[in-house]
Amino acid sequence: MATTKEVYEAHKKEYGENPKTVILTPGRFHLMGEHSCWFFKDKTLSMAVDIPVYVAVSLRDDRALRFNFVQLKEKKKSDLTNLKVKKEDRWANILKAVVFGFAEGGFELKGMDFTVYSEILPSAGFGITSAIKAGTALAIKKAQKLNCSDAQLLQVLDRANRVFLKTRNLIADNFAALYSEPGSMILTDYASQSYENIPFDFSGHKILLTDAKVPRVSIWNEDEIREPEHALLLGDLKERKKGVPGGWVYDTNPTLVNETLSVVTEDMRQKLLYIIYEHGLILDALDGIKKGKFTKFARAVDTSHKLLQENYKLSCPEIDWILKRVGELEPALVDIREPVTCGRITGKGFGRCLYAIIRNSDEEVYRKKLSEYSRIFGFEAETFEVKPAKGAHQVRL
């Protein structure tokens, strides 16, 4: 992986001076709860991982903006007085959006030179785009010596996403990129707009992220589920409960659930059932993590994927094949309810990526299975071993 020295050298080579600030932001993947949980004011369980994304910044004497993405070998230009989304600027629009977020918040800015350094490109997923945004925001704050609180920094990202890029501002992405702690998962509660870092310590296991390299296509539009009437239906099933994160659960009594969801189509009922069950699975996963019970955590993860596959219709044969091989890493147990491995699709949906948490001793077998996958499906899967990482922070030589 890249080093801080390489980032300094790349910036100086392009702009003739060392950067004033270099920010390292981790990549990220969502373990559970990333599909529409923001809409239903639910929870997302995420992990920032040691896939480094660097953003370096130096200041200019004019109002110009210069952008250089080292691995893409692309350079772009803009100006503080002419911040617009341009189709041809693609990745540079991400950085311009953050500059816009500061400017619209009333912050006075000088011109800047930017270097983006990431060996994993945004197109691969793994939270790289979110990392660039968060890293750019923190780099600007520090380079320009802005009096900007954490709350204001989050508002900058909100304006960057919603106003400039016209996309959703997902706080789970922002929290994971900015506030994650080493050796932890991070739980985002959309109802309270808050987060909690939860130590993740399952020694003897490895976390592997795999890009299955399946073409990125969607088999249904997730906006179909994001309707106010659906939120009202699920709201009728919520009940308060002490002692659980967020203080509430869904009533899963079959009679009540079937009666409540009887007004929607069968297809939509299945998708809403996924939302209901996913909430309980996140609570189970959290309980397993906090109590050090890997089997409980693993059962929740595996069940979540099964529901994504069967209810939410958001998996694909290629990823299902790989995850079936993960399941086959289990020893010959009489009781398969005590898994020693787990895995799930992650990302924006059909044909994205997956994560597998397996025993250290199983890695060689897993990678051999991926070679078999490539021969069968024709896609060269790429796998990264990752560890929970610290959120965005400044690095120096």
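One numbering rule holds for all chains: residues counted from 1, following each sequence as written. Under the rules for a predicted model, residues below a pLDDT of 70 receive no local features and side-chain atom pairs below 80 are neither given nor counted, while totals for whole chains, interfaces and linings still include all residues. Computation of side-chain values: all heavy atoms of the structure, hydrogens and water removed.

Colleague: Just checking my understanding: could you explain the overall build of the chain for this structure?
Modeller: Comment: elements are numbered from the N terminus, with helices defined as DSSP H or I runs of at least four residues and strands as E runs of at least two. Across its full length, the chain holds eleven helices and 14 strands. The size measure is the radius of gyration over C-alpha atoms, and the globule rule it meets is 2.2 Å times the number of residues to the 0.38 power. Computed over C-alpha atoms, the radius of gyration of the chain comes to 22 Å, within 12% of the 21 Å expected from 2.2 N^0.38 for 397 residues, which places it in the range of a compact globule. By its C-alpha atoms, the chain is 65 × 50 × 35 Å across when sized along the principal axes. Accessible area is worked out with a 1.4 Å probe on protein chains only. A residue is then buried under 20% of its type maximum, exposed over 50%, and partly exposed in between. Scored against the burial criterion, the 397 residues of the chain give a buried share of 55%. For the chain, contacts bridging at least 24 residues in sequence account for 71% of all contacts bridging at least 6. We score Asp and Glu as negative and Lys and Arg as positive, and we do not count His or the chain ends. The atom standing in for a charge is NZ when the residue is Lys, CZ when it is Arg, CG when it is Asp and CD when it is Glu. Put simply, the chain has 59 plus and 54 minus side-chain charges, and the middle of one group is 5 Å from the middle of the other. Pairs of residues are marked as contacts when any of their non-hydrogen atoms sit within 4.5 Å.

Colleague: Explain the environment of Glu318 here, please?
Modeller: Residue position: Glu318 is located in helix H10 (residues 317-327). For the pair formed by Glu318 and Thr383, sequence separation is 65 residues and the distance between their alpha carbons is 15 Å. In contact with Glu318, not counting residues within four places along its chain, are Val214, Tyr373, Phe377 and Phe379.

Colleague: I keep staring at the state of the cysteines and nothing clicks. Help me out?
Modeller: Any covalent bond linking the sulfur atoms of two cysteines counts as a disulfide. Working definition: a disulfide is two cysteine sulfur atoms within 2.5 Å of each other. For the coordinates displayed, the defined rule picks out zero disulfides. In this model Cys37 remains outside any disulfide bridge; the closest cysteine sulfur is found in Cys342, 18 Å from its own. Here Cys342 is not disulfide-linked; the sulfur of Cys353 is the nearest cysteine sulfur, at 17 Å. Among the residues examined, Cys342 registers a relative accessible area of 1% and is labelled buried.

Colleague: Would you take a moment to explain unusual backbone geometry for this structure?
Modeller: Peptide bonds are, in most cases, trans, and in most cases residues other than glycine have a negative phi. Even without being glycine, Lys73 reaches a positive phi, approximately 55°. Locating Lys73 in the fold gives a position in the loop between strand E3 (64-69) and strand E4 (74-79). By relative accessible area, which is 76% here, Lys73 ends up exposed. The residue Lys213 is not glycine, and still its phi comes out positive at about 60°. Tracing the backbone through its elements, the reader meets Lys213 in the loop between strand E8 (205-211) and helix H6 (228-235). A relative accessible area of 35% means that Lys213 is categorised as partly exposed.

Colleague: Please explain the nonpolar core as it appears in this structure.
Modeller: Inside soluble globular proteins, nonpolar side chains tend to come together where they are buried. What we call a nonpolar core is a set of buried Ala, Val, Leu, Ile, Met, Phe, Trp, Tyr and Cys residues that are connected through their side-chain atoms within 4.5 Å. Counting residues in each nonpolar core, the largest one holds 120 residues, and the members touching the most others are Phe102, Phe114, Phe297 and Tyr366. A total of eleven residues in this core trace back to one element, the largest contributor, which is helix H8 (residues 266-291). Residues within four places of Phe297 in sequence aside, it is in contact with Leu31, Met185, Phe200, Phe202, Ala285, Gly288, Ile289, Cys342 and Ile357. Listed in part, the ten residues of the second largest apolar core include Ala2, Val7, Leu24 and Tyr117.

Colleague: Whenever I open this one, the pattern of salt bridges confuses me. Can you help?
Modeller: Side-chain pairs of opposite charge can arise whenever the charged atoms involved come near each other. Whenever Lys or Arg places a side-chain nitrogen within 4 Å of a carboxyl oxygen from Asp or Glu, that contact is recorded as a salt bridge. The final tally for this structure, using the stated rule, is 26 salt bridges. One salt bridge connects Glu34 with Arg344, and the closest N-O pair in it is separated by 3.0 Å. Residue Glu34 is found in the loop between strand E1 (21-32) and strand E2 (43-59), and its partner Arg344 is found in strand E11 (residues 342-346); the two are separated by 310 residues along the sequence. Assigned by exposure class, Glu34 and Arg344 land together as buried. Residue Glu382 pairs with Lys213 through a salt bridge whose shortest N-O separation is 3.5 Å. One end of the pair, Glu382, is in strand E13 (residues 382-386); the other, Lys213, is in the loop between E8 and H6, and 169 residues separate them in sequence. One network of salt bridges, in which partners are shared, links Arg168, Glu222, Asp223 and Arg226.

Colleague: I'm lost on the packing of aromatic side chains in this one. Help?
Modeller: Both the distance between ring centres and the angle between the ring planes are used here to describe each pair of aromatic rings. Aromatic contacts are taken between Phe, Tyr and Trp rings whose centres are within 6.5 Å, Trp giving its six-membered ring; a plane angle under 30 degrees counts as stacked, one over 60 as edge-to-face, and the others as tilted. All told, the structure shown has 22 aromatic pairs when counted by the stated rule. Centre to centre, the rings of Phe202 and Phe294 are 5.2 Å apart; their planes meet at 85°, and the pair counts as edge-to-face. Here Phe202, found in the loop between strand E7 (194-199) and E8, pairs with Phe294, found in helix H9 (residues 294-310); they are 92 residues apart in sequence, far enough to count as distant. Their ring planes at 40° and their centres at 5.2 Å tell us that Tyr373 and Phe377 sit as a pair that is tilted. With Tyr373 and Phe377 both in helix H11 (residues 363-377) and four residues apart, the pair spans about one turn of that helix. Look at Tyr373 and you get buried, because its relative accessible area is 0%. Using a relative accessible area of 26% as the deciding quantity, one classes Phe377 as partly exposed. In textbook terms, an aromatic cluster arises when at least three aromatic residues are bridged by ring pairs, as seen for Phe200, Phe202, Phe294 and Phe297.

Colleague: Quick question: what am I supposed to make of helix H3 (residues 128-143) here?
Modeller: Note that an α-helix has 3.6 residues per turn; residues three or four places apart therefore point the same way. Taking 1.5 Å per residue as the helical rise, H3 with its 16 residues ought to reach 22 Å, and the 22 Å between its terminal C-alpha atoms agrees with that figure. When you tally the buried positions in H3, you get 14 out of 16 residues, the bulk of the element. Among the residues trailing H3, Lys145 stands out with phi positive, at a value near 55°. The span expected for a helix works out to 1.5 Å for each residue beyond the first.

Colleague: Just to check I follow, could you spell out the sheet that holds E11 for this structure?
Modeller: The pairing of strands in a sheet happens through backbone hydrogen bonds and is either parallel or antiparallel. DSSP calls a pair of strands paired once it identifies at least 2 bridges connecting them. Across the sheet, four strands lie side by side as E11-E12-E8-E13; this open sheet has antiparallel pairing. Single-partner strands in this sheet number two, and they are E11 and E13. The mean angle between the axes of side-by-side strands here comes to 20°, regardless of whether they run parallel or antiparallel. As defined by bridge partners, E11 adjoins strand E12 (residues 353-359) across five bridges and the pair is classed as antiparallel. Among the inter-strand pairings, Ile345 is bridged to a residue of E12, identified as Leu354. This element, H11, spans E8, E12 and E13 of the sheet and lies at about 15° to E8. Under this scheme, a helix contributes an axis fitted over its contacting stretch, all axes are lines through C-alpha atoms, and angles between N-to-C directions fall in the 0 to 180 degree range.

No statement about biological role is implied by the geometric values presented.
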